[in-house]
Amino acid sequence: MYPPATPEMQGHHLITQILNYQLTHGMHLKHINLAQPSHSTSSYPISTSIFPTPFPRALFHDAQHTLQPIYNELYARLSDNEPWLYEKVIRPLLPVDPFARILWEIHIRITNEGEGGGYGSDVSMGLFRSDYMLHSENAKHGLQLKQVEFNTIACAGGCHANKVVDMHRYLTRTGVYISLSDANEGKGESPITLSSLPTNGNIKGLADSLAVAHGMYGPARCSLAAEAGVLFIVQPNNFNVADELPIEYALWNRDIPVPTYRVEWGDDVLERTCLSNTRELLFYPHLQGEGSRGKGQPVEISVVYFRAGLEVHEYDATGIECRVRLEQSRAIKCPSLLGHILTFKKVQQVLMGPGVLERFLDTEEKVSVIRDTFVSMYPMDGDSEEGRYARRLATNPDTAWKYILKPSLEGGGHNIYGEDIPGFLLGMSSESEWGRYVLMERIRSPVVGNVLMSREGVEESDVISEVGVFGLCIWKKGEILRNETVGWSLKTKFADVDEMSVVKGFGCFDTPLLV
């Protein structure tokens with residue numbers, strides 16, 4: 001029986017162990033209370049599964065070692081082709097999508113001869129995350145991996161995922177799951193063994209990736225700078241610091257430390273950075289607590305790692321100036337502006353067109369492997385035949401239940417599902433607004449049983465999971481300098497819940513029980 005039944009006393013003991021592990025390993029979200037004194041803070045545990053969730057071993061391996069390097073290569077090639085990106089992705093969105101318009105206007109401003117001066121670095125970096133769910137077409141085809149989305153900016157969850165895996169492996173070592181099996185069946189056997197729970201090195205992998213880019217940049221070039229270092233661009237009032245700071249700590253903790261700093265998006269960026277005459281990005285640490293190594297001197301930034309700047313509301317006049325300054329600098333950006341645009345769901349939809357993959361991938365095998373991860377996606381414009389077909393599907397209740405309506409926004413909570421789609425579309429002031437969205441076929445995932453723990457309590461039910469794979473890609477004008485898989489995450493939600501975002505309260509971090 002899976003998951004094993006949990007007698008009340010043993011269940012209480014297990015939950016207590018999990019809460020203690022979370023408390024002592026930083027597996028929390030920060031509670032933001034602006035009225036709270038700055039020296040005081042409170043937090044609450046990240047949602048997690050009580051037991052690991054069964055997942056096919058072969059498909060878990062394929063997601064990391066077969067798919068991710070090809071996806072890394074594909075998205076690097078896409079970002080190098082500005083004409084294609086404009087014609088196929090941006091131009092259809094300009095009249096209807098404010099975010100696309102803002103980002104492209106920044107791009108035009110930077111590349112406008114005589115004004116923007118061009119991008120400061122010809123090296124681009126991506127810390128990508130490609131998300132998949134299991135899909136069951138029919139008994140003949142068996143289970144397949146189908147891509148949910150491809151993320152190119154502020155790809156979160158790596159540190160939480162790392163620690164949840166460590167927690168499940170700790171519980172396995174201590175014999176908790178064996179004791180439950182013993183109570184259930186009297187055999188002392190459990191399907192949960194260390195060999196069935198893969199290790200997770202996300203924190204080291206993500207930190208090593210930034211260190212690689214830092215090394216490629218080299219030592220500080222500006223005579224004013226004390227040293228070179230990595231700069232995290234973060235959101236103000238950040239409730240998810242526990243998913244960012246471990247990467248910074250790991251960078252500082254290397255045998256040869258990589259100086260790493262953080263600055264809040266907005267005024268803080270403009271006040272604490274400047275460009276040298278040769279466009280090195282100089283960062284001025286606070287006098288207290290950070291930057292003492294430089295004794296007040298600025299740090300020359302080697303890598304700008306965006307954990308902010310992914311939402312349209314961040315691009316007021318100040319936010320626009322932030323992005324312009326960072327992009328004009330010689331620092332390696334993770335991601336660059338064009339790499340950021342690739343996170344739009346429109347890119348995912350356009351890639352499904354005939355001949356598109358063949359244009360950017362150099363073998364039929366790579367094309368076939370990527371195409372096998374696709375489910376149907378359609379534009380929602382009113383001009384193309386494909387768009388008009390999608391509009392008929394989306395506005396008809398008899399067909400809309402099979403689809404998801406997706407905008408080009410990150411962070412969870414933005415999608416419209418199934419039966420809600422017709423009313424949502426018809427409630428808009430103009431049908432032209434429909435073009436901001438793409439229509440995606442719903443992935444049909446098989447359900448399994450598990451017990452999930454969140455702020456709402458502990459509940460057993462049918463669940464479905466989503467595996468995310470982190471990839472590093474560094475490239476320069478068509479030449480790929482680094483391409484590898486650096487980690488993974490598993491998120492699980494109740495089968496009757498649509499969204500998956502853990503930090504928004506929909507899903508839980510989890511560990512695959514490889515079968």
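Above: the structure in question.
Now for a description of the structure that goes with this document. No experiment lies behind these values; they were computed from the predicted model shown.

### Some details on a negative patch on the surface
Where like charges cluster on the molecular surface, the negative patch consists of Glu459, Glu460, Asp462 and Asp496. Position of Glu459 among the secondary structure elements: in strand β18 (residues 457–476).

### Thoughts on the pairing of strand β14 (residues 403–406)
Here β14 shows two buried faces, one formed by Tyr403 and Leu405 and the other by Ile404 and Lys406. In terms of strand pairing, β14 meets strand β16 (residues 438–441) through four bridges, oriented antiparallel. Bridging from a neighbouring strand, Tyr403 pairs with Glu441 of β16. Across two bridges, β14 lies against strand β15 (residues 416–417) in antiparallel orientation. Directly across from Leu405, in β15, lies its bridge partner Ile416.

### Describing the sheet that holds β16
The strands that make up a sheet are held in pairs by hydrogen bonds between backbone atoms, and each pair lies either parallel or antiparallel. With respect to topology, four strands assemble into an open sheet ordered β13-β16-β14-β15, the strand pairing being antiparallel. Two strands in the sheet have a free side with no partner beyond their single neighbour: β13 (377–379) and β15. Alignment of β13 against β16, held across three bridges, turns out to be antiparallel. By the bridge assignment, Pro379 is partnered in β16 with Val438. Its contacts with the sheet place helix α15 (residues 385–395) against β13, β14 and β16, and it is angled at close to 110° to β13.

### Some points on the environment of Leu513
In this structure, Leu513 sits in strand β21 (residues 512–514). For the pair Leu513 and Arg442, spaced 71 residues apart in sequence, the C-alpha to C-alpha distance is 24 Å. With residues near it in sequence (within four places) discarded, Leu513 still touches Tyr2, Pro52, Thr53, Pro54, Phe55, Pro191, Ile192, Ser196 and Leu197.

### Description of the packing of aromatic side chains
The full count for this structure, using the stated rule, is 23 aromatic pairs. Aromatic pair Phe128 and Trp475: ring centres 6.3 Å apart, planes at 35°, arrangement tilted. In this pair, Phe128 is assigned in strand β5 (residues 123–136) and Trp475 in strand β18, connecting sequence segments 347 residues apart. Side by side, Phe128 and Trp475 carry an identical accessibility label, which is buried. Ring geometry for Trp252 versus Tyr261: centroids 5.8 Å apart, planes at 85°, classification edge-to-face. An aromatic cluster is defined as three or more aromatic residues linked by ring pairs; in this entry it consists of Tyr71, Tyr75, Phe128, Tyr132, Phe150 and Trp475. Taking NZ or CZ as reference, Arg221 lies 4.1 Å from the ring centre of Tyr217, over its face. The side chain of Arg455 reaches across the aromatic face of Tyr44, ending 3.8 Å from its centre.

### Focus: helix α7 (residues 202–217)
Its 16 residues place the ends of α7 23 Å apart at the C-alpha level, agreeing with the 22 Å of an ideal helix rising 1.5 Å per residue. Looking at α7, one finds that the buried residues are Asn202, Ile203, Gly205, Leu206, Ala207, Ser209, Leu210, Ala211, Val212, Ala213, His214 and Tyr217. Looking at the residues trailing α7, positive phi occurs at Gly218, about 90°.

### Looking at helix α1 (residues 8–24)
In an α-helix, one full turn covers 3.6 residues, which means residues spaced three or four apart are oriented alike. End to end, α1 covers 24 Å across 17 residues, agreeing with the expected 24 Å (1.5 Å per residue, within 8%). Taken together, the buried positions of α1 are Gly11, Leu14, Gln17, Ile18, Tyr21 and Gln22. Around the axis of α1, the buried residues are gathered within 130° of arc, so they sit on the same side. With respect to the buried face of α1, the exposed residues turned more than 90 degrees away are Glu8, Met9, His12, Leu23 and Thr24. Directly beyond the C-terminal end of α1, a positive phi value near 70° is found at Gly26.

About the criteria used
- Residues numbered from 1 in each chain as written.
- Predicted model: local features only at pLDDT ≥ 70, side-chain atom pairs only at ≥ 80, totals over all residues.
- Heavy atoms only, no water.
- Patch = residues over 30% accessible without salt bridge, like charges linked within 9 Å, V, L, I, M, F, W, Y side chains within 5 Å.
- Areas by Shrake-Rupley, 256 points an atom, 1.4 Å probe, with all protein chains shown as cover.
- Salt bridge = Lys/Arg side-chain N within 4 Å of Asp/Glu carboxyl O.
- Lys, Arg positive; Asp, Glu negative; His and termini not counted.
- Charge placed at Lys NZ, Arg CZ, Asp CG, Glu CD.
- Helix = DSSP H or I, 4+ residues; strand = E, 2+ residues; numbered from the N terminus.
- Buried < 20%, exposed > 50% of the residue type's maximum accessible area, 1.4 Å probe, protein only.
- Pairing = 2+ DSSP bridges.
- Contact = heavy atoms within 4.5 Å.
- Axes fitted to C-alpha atoms, helices over the stretch in contact; angles between N-to-C directions.
- Phe/Tyr/Trp six-rings, centres within 6.5 Å; stacked < 30°, edge-to-face > 60°.
- Lys NZ or Arg CZ within 6 Å of the ring centre and 35° of its normal.
- Expected span 1.5 Å × (residues − 1).
- Arc of directions from axis to C-beta.

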